[in-house]
Amino acid sequence: MVRALQPSIMSTNYDPVPERPLIILSNREPYEHVHRSAGVEVRYPAGGLVSALDPILRRTHGTWVAWASGSADGTVVDEFGRVAVPPGDPSYTLRRVWLSESDVEGFYLGFANSALWPLCHLFVSMVDIRRSDWESYERANRLFAGAVVQEAERVGGAPMIWVHDYHFALAAASIRPHLPDALIHQFWHIPFPPPDVFGILPLGVQDTILRGLLGNDLIEFQTDGFVCNFIDCVARALPAATIERDRNAIQFEGHRTRVGAFPISIDVGEWKRLSKLPHTVEVSETLRRRYAPNSRQLVVSVDRMDYTKGIARRLRALEHMWTDSPERRGTFTMLIVATPSRTDIPAYARLERDVLEEIEKLNDEFRTLDWTPIVLVHDNVDADLLAAVYRAADVCVVSSLQDGMNLVAKEFVACRDDGDGVLVLSRFTGAADELGSALLVNPFFIDAFADTLGVALDMPADERRRRMAVLRHCVENATIRDWLEAVIAAAESSRHAAQGDAAAL
């Protein structure tokens, strides 16, 4: 028996539809089949990307190619690794790809998350490059690209192939020779580093990654800064490339690739709906009664347990505040929601241990009979509970040390239909480019971080509401639907432009 768990967020009110058959390539699959005592259960992995793209694939009857991560994934597919989804209302194809244990170790845990991830987030001291990991990364990219080619041949025509993120930097160039008429584009969700940092990679690896990405017709980044970084890296590493900086385009080996900034967003309407559900309101009120009784305030943060999120520096800022300003003790509770992440990677295991120990230490040092300074929720949390956390907060802190976007900031704003609440936002997030009326903070400057948190706690009601009104206007006018429309239109335009250039030669 297969039992499906309903997702917390799965809006279907999207209009953008590409002109061609659509094939998505991402590391994460939209549905997992897992073994449970009652049989096989369908699980919906958390993440904004799945929530954004699933409705389009339903409407276009498209194909999603992804790593088979569920324990029962192999029991429900056909001989080609395909299964119709969603369960109960199948409307598109999920093509699963299996990796060997060594390739999971080398491709995913190794090169993707122990080399590219820290490199792109500027954590150069944590970059771990191994020849065997790079070979696994190349092998996995060829494997996934081959699956995409097979699915394109199955659907026929000249499909739109949308590649996602840093796991597949080599995929477009592998696909292009087999599908010369396909429209191939890629969204790079994380930061792209400047040339001096990108140059940490071995020369052959740099060259191969950039050539791989230039197999796309369009590459989408989160910010203009990341666009500039990519172009600068190409200019330095591939001198044969022709850079059209005024058009954000690159000509290389007979192919033209456009690049642009397309900041991703959230399903604002769905987060608004979640925040108003009776259960959400009830949980929000319970959180305030428990952690912010009387005049005490509630400060919240929501992150993966990742060293890029600045959790350790947030704890240092709290310690600084409670040490230097003892009158602040007992005036607010810090609720930290930190979901487990990549625990098989030593750096993440160390971070988790250090954060847990530091929270215990701070609580032992500062707690009183009626106040626990820091409350940690170290578990996966559904969207409806997150909405309750956002709704309950007086202040939401996003302290990333480097972040492509950070959608927590936008989720918090979308949930504040009361027009209240203060957002403290790291200026090293992509979201800071859009949400300028937040209190922007440099998390590396601990004293100033603590001072900014104090400003947020003391902010008068009229200023809180004025800032939140501006933030809500920004978020409501740049939704996930706007992002999808912009990306799809730009991808179609880039291919049409490339065809026109070719005809002119």
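Check the entry above for the structure.
I will try to describe carefully the structure that is included in this document. Computed from a predicted structure; not experimentally measured. (Residues numbered from 1 in each chain as written. Predicted model: local features only at pLDDT ≥ 70, side-chain atom pairs only at ≥ 80, totals over all residues. Heavy atoms only, no water.)

## Points about the sheet that holds strand β8 (residues 160-164)
Spatial strand order, β6-β7-β5-β2-β8-β9-β10-β13-β12-β11: ten strands in an open sheet with mixed pairing. Because the sheet does not close on itself, it has two edges, and the strands there are β6 (82-85) and β11 (242-244). For this sheet the average axis-to-axis angle between neighbouring strands, irrespective of direction, equals 20°. Where β11 meets strand β12 (residues 249-252), three bridges bridge the pair, whose relative direction is antiparallel. (Pairing = 2+ DSSP bridges. Helix = DSSP H or I, 4+ residues; strand = E, 2+ residues; numbered from the N terminus. Axes fitted to C-alpha atoms, helices over the stretch in contact; angles between N-to-C directions.)

## Describing the pattern of salt bridges
Applying the stated criterion across every chain yields a total of 38 salt bridges. D128 is the salt-bridge partner of R130, the closest N and O atoms lying 3.3 Å from each other. Taking relative accessible area as the criterion, R130 reaches 46% and is therefore assigned partly exposed. K309 is the salt-bridge partner of D403, the closest N and O atoms lying 3.0 Å from each other. Of this pair, D403 sits in the loop between β17 (395-398) and α13 (408-414) while K309 sits in the loop between β14 (297-304) and α10 (311-324), placing them 94 residues apart in sequence. One connected set of salt bridges, linked through shared partners, spans R82, R95, E151 and R154. (Salt bridge = Lys/Arg side-chain N within 4 Å of Asp/Glu carboxyl O. Buried < 20%, exposed > 50% of the residue type's maximum accessible area, 1.4 Å probe, protein only.)

## Side note on the nonpolar core
With 101 residues, the main nonpolar core has F192, I209 and F230 as its most contacted residues. It is helix α2 (residues 101-120) that provides the largest number of residues to this core, a total of eleven residues. Aside from chain neighbours lying at most four places away, what touches F230 is F192, L210, L213, L214, I219, F221, I250 and V259. Judged by nonpolar contacts, the second largest core, of 72 residues, contains I264, L298, L425 and A431. (Core = buried A, V, L, I, M, F, W, Y, C linked by side-chain atoms within 4.5 Å. Contact = heavy atoms within 4.5 Å.)

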